[in-house]
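# Coordinate analysis (summary)
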Amino acid sequence: RQNKNNNNNNNNKQKVGFGAIDLVHSGKEYYGNMWQKTRSILTYMYDNYYNEYDFFYLCGDDTHVMVENLRYYLRQTEEINQESSDRPLFLGARIISSNNKNNNNNVPSVHGGSGYVF
């Protein structure tokens, strides 16, 4: 029930006819390098599809989404945000995690288990 689906996944092997691409990212292929993978996906979406969509939804392959419900919810929050502010709207679960590379604790982050909407 989507208007358009660009079903890319995080596999590094191209699947002909499936719409998947071989998207290169910095660093090794493992879960701890998720930021580099996400950054590459966002850059690709922006460079190739920015003007074609009202929003982008980035999620893992184990996430189930009712797209029509998400679209309805986004329209409602857009109307609420336009009435109250010119700032971007942040919704979701903000978490505090440690960042051992910089020896810095209490780094704010967004919980990404259910995906991100841009």
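What comes next is a walk through the structure. Along each chain, residue indices are assigned from 1 in the same order as the chain's sequence is written. Reporting in this predicted model follows two pLDDT cut-offs: at least 70 for local features of residues, and 80 or more for side-chain atom pairs to be given and counted; totals over whole chains, interfaces and linings ignore these cut-offs and use all residues. Side-chain figures throughout are based on the complete set of non-hydrogen atoms in the structure, without hydrogens or water.

Helix and strand content of the protein chain: two helices and four strands. Any residue under 20% of the maximum accessible area for its type is buried, any over 50% is exposed, and the rest in between are partly exposed; the area is computed with a 1.4 Å probe on protein chains only. In the protein chain, which comprises 118 residues, the proportion classed as buried is 17%. Throughout, a contact is declared for two residues whenever any of their heavy atoms are within 4.5 Å. Look at the contacts in the protein chain between residues 6 or more apart in sequence, and 29% of them connect residues 24 or more apart. Methods summary: accessible areas were calculated by the Shrake-Rupley approach with a probe of 1.4 Å, and residue burial reflects only the protein chains presented. Carbon and sulfur atoms make up 48% of the accessible area of the protein chain, which totals about 9800 Å². A run of DSSP states H or I qualifies as a helix once it reaches four residues; a run of E qualifies as a strand once it reaches two. Both are numbered from the N-terminal end.

Okay, helix 1 (residues 34–49) next. Under the 1.5 Å per step criterion, the end-to-end length of helix 1 is 22 Å for 16 residues, consistent within 8% with the ideal 22 Å. Within the span of helix 1, buried status applies to Q36, K37, T38, S40, I41, M45 and Y49. Of the surrounding elements, those touching the buried residues of helix 1 are strand 1 (57–58). Helix span is expected to be 1.5 Å times the residue number reduced by one.

Further remarks concern the environment of N48. With respect to the element layout, N48 can be found in helix 1. Definition of a polar contact: a pair of N or O atoms within 3.5 Å, with one able to donate and the other able to accept a hydrogen when the atoms are protein atoms, and with sequence-neighbouring residues admitted only if both atoms are side-chain atoms. Among the polar contacts made by the side chain of N48, one reaches the main-chain carbonyl oxygen of Y44 at a distance of 2.9 Å.

A word on the pattern of salt bridges. The salt bridge definition used is simple: a Lys or Arg side-chain nitrogen within 4 Å of an Asp or Glu carboxyl oxygen. Scanning all chains against the criterion turns up one salt bridge. For K37, the salt bridge goes to E29, with nearest N and O atoms at 2.7 Å. When its relative accessible area of 9% is taken as the criterion, K37 is described as buried.

By size, the foremost hydrophobic cluster in this structure holds five residues: I41, M45, Y49, F56 and L58. Element by element, the count of residues in this core is highest for helix 1, at three residues. Residue contacts for L58: discarding those within four places in its chain leaves T38, I41, L42, G115 and Y116. The criterion is simple. A nonpolar core is a set of buried Ala, Val, Leu, Ile, Met, Phe, Trp, Tyr and Cys residues joined through side-chain atoms within 4.5 Å.

This next bit is on the packing of aromatic side chains. Between the rings of Phe, Tyr and Trp (Trp by its six-membered ring), a pair exists once the centres lie within 6.5 Å; its type follows the angle of the planes, with under 30 degrees stacked, over 60 edge-to-face, and the other angles tilted. In total, this model carries five aromatic pairs according to the counting rule given. Taking 4.8 Å as the distance between ring centres and 50 degrees as the angle between the ring planes, the aromatic pair formed by Y46 and Y50 counts as tilted. Since its relative accessible area comes to 52%, Y46 is described here as exposed. A relative accessible area of 47% means that Y50 is categorised as partly exposed. Chaining the aromatic ring pairs together yields one cluster made of Y44, Y49, Y53 and F56.

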